[in-house]
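Take a look at the letters that make up each chain.
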Amino acid sequence: MSYLGTLDYAVIAGYLLILLAIGWFLKNAASASLEDYFIGDRKIPWWALGITGMSSFLDMTGTMIITSFLFMLGPRGLFIEFRGGAVLVLAFMMLWTGKWHRRSQCITGAEWMIFRFGDGAGGRFAQLVSVLAGVVGTVGMLAYLMKGAGLFLSMFMPFTPFWCSVIMIGVATIYTVMSGFYGVVVTDLFQSLCIMAAVVMVTVLAVLKVGSADELNALALQVTGNGEWMSAMPRWETTMPAGYEAYRHLLMFAMFYLLRNVFGGLGSGSDPKYFGARNDRECGTLTLLWTATMTFRWPMMMGFAVLGLYLVRDLFPDLGAVAMAVGAIREHVPGIGEAQWSEIVSAIAHQPGNYSPELIARLGELLGDDWGRKLLLTSFHGTINPEQILPAVLLYDIPLGFRGLMLVALVAAAMSTFDATVNATTGLMTRDVYQKFIRPRAANNELIYASWIFTVSQVLIALLFAYSIKSINDIWGWIIMGLGGGLMIPGVLRLYWWRFNGGGFAIGTGVGLTAAVLQKFYYPGLDERLQFLFLGGIGLAATVIGTFITRPTDRNVLENFYRVTRPFGFWGPLKSILAEDVRLRMEDEHRRDLIALPFALLCQVCLFLMPMTLIIRNLAAFGVTAGIFLACGTVLYCVWFRHLPAKNYE
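Cut-offs and rules
Residues numbered from 1 in each chain as written. Predicted model: local features only at pLDDT ≥ 70, side-chain atom pairs only at ≥ 80, totals over all residues. Heavy atoms only, no water. Helix = DSSP H or I, 4+ residues; strand = E, 2+ residues; numbered from the N terminus. Buried < 20%, exposed > 50% of the residue type's maximum accessible area, 1.4 Å probe, protein only. Contact = heavy atoms within 4.5 Å. Areas by Shrake-Rupley, 256 points an atom, 1.4 Å probe, with all protein chains shown as cover. Phe/Tyr/Trp six-rings, centres within 6.5 Å; stacked < 30°, edge-to-face > 60°. Expected span 1.5 Å × (residues − 1). Axes fitted to C-alpha atoms, helices over the stretch in contact; angles between N-to-C directions. Parallel < 35°, antiparallel > 145°, perpendicular 65-115°, else oblique. Left-handed = near helix turned anticlockwise from the far one by under 90°. Nonpolar A, V, L, I, M, F, W, Y, C, P; charged D, E, K, R; others polar. Disulfide = S-S within 2.5 Å. Salt bridge = Lys/Arg side-chain N within 4 Å of Asp/Glu carboxyl O. Core = buried A, V, L, I, M, F, W, Y, C linked by side-chain atoms within 4.5 Å. Polar contact = N/O pair within 3.5 Å; in protein donor to acceptor, adjacent residues only side chain to side chain. Patch = residues over 30% accessible without salt bridge, like charges linked within 9 Å, V, L, I, M, F, W, Y side chains within 5 Å. pLDDT = per-residue confidence, 0-100.

Some words on the overall build of the chain
Piece 1. Check the secondary structure of the chain and you find 28 helices and zero strands.
Piece 2. Counting all 650 residues of the chain, 62% fall into the buried class.
Piece 3. Taking contacts inside the chain between residues at least 6 apart in sequence as the whole, the part at least 24 apart equals 81%.
Piece 4. When the accessible surface of the chain is summed, it comes to about 23,600 Å², and 67% of that surface belongs to carbon and sulfur atoms.

Shown next as structure tokens:
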């Protein structure tokens, strides 16, 4: 099967060479010091950090999974992605958690534990456990990225998803290792241009494809069976296909995920971009730009979903043939599980000679002459696999030549998330374990080489983990709700409770992390809501018990943290240490930040909904969301933005 033209291959090859060239060019600058390698020596402008944030949060796998929910639900798919894809935590980082972390002048989130709890037993214990949690989270995130990349690229390359992942991740690992945070920022800026080109192209194609709102509504009902596909308002119950039935109570999931974001947002802010920011104002402006640029992702994904509806209708006039084709495969390949489905289907499509002639003949009879490509769109449950809609649209609807550009844009999205994730965790291992406990006097070159080893090691572990994942939705749900729930409480209390200590953080994080990993291995099918509640409850109990059975944080350390960070919350015993003018200014800042929060969240949701409703020509929904956005944006400007300080105050 021929997937790409000569021009497509030339575009892809040129893109990969540019990435490697950037990595080599920045190698010397990144190797000057650990500050240069991990946070760019705090010299990178806020607008570059903001754009980098967008590209690091816009990954290929996430784009595939969000497109799948938009394909199934229309604009309401956004509410499922309150769990993570809608990045509601940005509102919290923009308003206060980003600047709170910047004020520490630390390099990593684990080093911040020493700033918060001191360099005694409790602080070091918290630092080590923070590193461990970061590594486990990164391995899970990399496995998620690799699973999606494999599914995506196997639609275009004559390899299984596993080997497609190996090829892409190999290139990303090389330039990340060489160039550190400088490479993350520069390559992300370059990759952002590729992403913007994709946004424009897909959005235009989708707008031209839609004849009218009524036509699109009828088509969506025919393909998805969902009679409310055009709606932008979540309902209590909605139609979901096989494998996604748990999400039928859409409004309940949206509210639950919103609650998860509130807890997650309260404990956020330890991103390297904030440690690398130059002042408090830049923490706010870079996140505002970060949020605004994330908007471009949504019309692109809605465009893919709309084009996917037309594509499925044209490819499968009789959707019953899909169920029969899946049944034939499961009959001829006994023992196949959901986790291996994509590997088997890809192998059948690309190497049909390795399978029985009866099966191949049956697939051709059911799916037609182009059965190999169509087969890649099927799911284990006998339906269209919504996670494959995005690559299928590229395969069928994007003309040769432009297809290579689109592939580059989506590979860029995957790599930008990969490099930022790996760089952050490598910093933890190098700075907070190797230099702190193993080789305190190591030369700078030795530390850089150690970071290379840590990078390659976590990538290899993640590759092995990715092979056991059933679907990208499966691993994403666990990362956000299971692992996130287990680690949530210690992450929140460290910022808002004066009595909280390093022992409480370490014990709560260690127990929550262990519980989340055990749940994933022994109860992988546990409902996401139960994962969050159960593991969050375990983390809460362990955190509180750990706090009171270990020694309180040294008073001098605590006072220094409070003077520098100036957080709100349960800090009553420490307020008296501040001068009255500083305390009053701090309390005024806290009031404005908290008042601004609901308006920032509403702005963000409406900002994402507006372009999607416009593409599908739901003008009534567009008008309502635009009005809410303008009203909330005005309040946000008056309450928060115009009060951003021109410089830091002490």
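Anyway, onward from the coordinates.
Observations regarding the packing of aromatic side chains
Piece 1. Here the structure, examined in full by the defined rule, presents 25 aromatic pairs.
Piece 2. Ring geometry for F79 and F82: centres 5.4 Å apart, planes at 65°, overall edge-to-face.
Piece 3. What makes F79 buried here is its relative accessible area of 9%.
Piece 4. Classification of F82 as buried rests on a relative accessible area of 7%.
Piece 5. Between Y496 and F568 the ring centres are 5.6 Å apart and the planes differ by 45°, which places this aromatic pair in the tilted class. Of this pair, Y496 sits in helix α23 (residues 472–496) while F568 sits in the loop between α26 (555–565) and α27 (580–615); the two residues are 72 residues apart in sequence, bridging distant segments of the chain.

Remarks on helix α15 (residues 297–315)
Piece 1. Helix length check: α15, at 19 residues, gives a terminal C-alpha distance of 26 Å against a target of 27 Å (1.5 Å per residue), a fit within 8%.
Piece 2. A large share of α15 lies buried, amounting to 17 of its 19 residues.

Thoughts on the packing of helix α8 (residues 109–117) against helix α9 (residues 121–153)
Piece 1. Orientation of α8 relative to α9, taken along the N-to-C sense of each, is 160°, at an axis distance of 8 Å. Of the possible angle classes, the one that applies to α8 and α9 is roughly antiparallel. The two elements α8 and α9 meet at a crossing, and its hand is right-handed. In contact with G109, A110, E111, M113, I114 and F117 of α8, α9 contributes G123, R124, A126, Q127, S130 and V131.
Piece 2. Split into classes, the residues belonging to the contact of α8 with α9 amount to six nonpolar, four polar and two charged.

Digging into the state of the cysteines
Piece 1. Scanning all chains against the criterion turns up zero disulfides.
Piece 2. Not engaged in a disulfide, the cysteine C632 finds its nearest cysteine sulfur in C603; these two sulfurs lie 5.1 Å apart.

What about the pattern of salt bridges?
Any two side chains of opposite charge can pair if their charged atoms end up close together.
Piece 1. Using the criterion set out here, one finds 21 salt bridges in the structure.
Piece 2. In this structure, R362 engages E365 in a salt bridge whose closest nitrogen and oxygen atoms are separated by 3.0 Å. With R362 and E365 both in helix α18 (residues 357–367), this residue pair falls three residues apart, about one helical turn.
Piece 3. When the shortest N-O distance is used, the salt bridge between D588 and R592 registers 3.2 Å. Of the two residues, D588 and R592 are both situated in helix α27; the distance of four residues between them amounts to about one turn of the helix.
Piece 4. For D588, a relative accessible area of 33% puts it in the partly exposed group.
Piece 5. Overall, R592 belongs to the buried group, its relative accessible area being 17%.
Piece 6. Several salt bridges share partner residues, and in doing so they unite K99, R102, R103, D280, E589 and D593 into one network.

As for the nonpolar core
Piece 1. Counting residues in each nonpolar core, the largest one holds 183 residues, and the members touching the most others are L216 and V306.
Piece 2. Those residues within four positions of V306 in sequence are excluded, and the remaining contacts are A206, V210, L216, W229, I615 and I616.

Comments concerning the environment of V456
Piece 1. On the secondary structure map, V456 appears in helix α22 (residues 444–466).
Piece 2. In this structure the C-alpha to C-alpha distance between V456 and T426, which are 30 residues apart in sequence, comes to 9.7 Å.

Focus on the side chain of N501
Piece 1. Its place among the elements puts N501 in the loop between α23 and α24 (502–522).
Piece 2. There is a polar contact of 2.8 Å between the side chain of N501 and the backbone oxygen of R551.

Structural notes on the packing of helix α5 (residues 60–73) against α9
Piece 1. Interaxial distance between α5 and α9 falls to 8 Å at its minimum, and their mutual angle equals 70°. Classed by the angle they form, the pair α5 and α9 counts as roughly perpendicular. Between α5 and α9, the residues in contact are M60, T61, G62, M64 and I65 and Y144, L145, G148, A149, L151 and F152, respectively.
Piece 2. Grouping the amino acids of the contact of α5 with α9 by side-chain chemistry returns eight nonpolar, three polar and no charged.

Description of the environment of I66
Piece 1. Among the secondary structure elements, I66 is positioned in helix α5.
Piece 2. Put simply, I66 and G77 are 11 residues apart on the chain and 7.2 Å apart in space, counted from C-alpha to C-alpha.
Piece 3. For I66, the contacting residues outside a window of four places in its chain are E81, G85, R297, W298 and M301.

Things to note about the environment of M429
Piece 1. Note that M429 resides in helix α21 (residues 402–438).
Piece 2. Distance from M429 to L132, taken between C-alpha atoms, is 8.7 Å for residues 297 residues apart in sequence.
Piece 3. In this structure M429 touches V131, V135, Y434 and F454, once residues within four positions along its chain are discounted.

Examining a nonpolar patch on the surface
Piece 1. Taken together, the side chains of L518, F521, Y522 and Y523 present a nonpolar region at the surface, about 550 Å² in accessible area.
Piece 2. Positionally, Y523 belongs in the loop between α24 and α25 (528–549).

Concerning the side chain of T565
Piece 1. Its location among the elements puts T565 in helix α26.
Piece 2. Exposure remark for T565: the relative accessible area of 0% places this residue in the buried category.
Piece 3. Sequence-distant contacts of T565, that is, excluding residues within four places in its chain, are made with W100, R103 and F115.

Some remarks on the confidence of the model for the chain
Piece 1. When the pLDDT values of the chain are averaged, the result is 82; 87% of them are 70 or greater.
Piece 2. Confidence drops under pLDDT 50 across residues 29–40; counting only partners more than four residues distant or on other chains, this segment forms 53 contacts.

A short note on unusual backbone geometry
Piece 1. Unlike most non-glycine residues, V87 shows phi in positive territory, near 45°.
Piece 2. Locating V87 in the fold gives a position in the loop between α6 (77–80) and α7 (89–102).
Piece 3. With phi around 65°, R617 is a residue other than glycine that occupies positive phi space.
Piece 4. Considering the arrangement of structural elements, one finds R617 in the loop between α27 and α28 (619–639).

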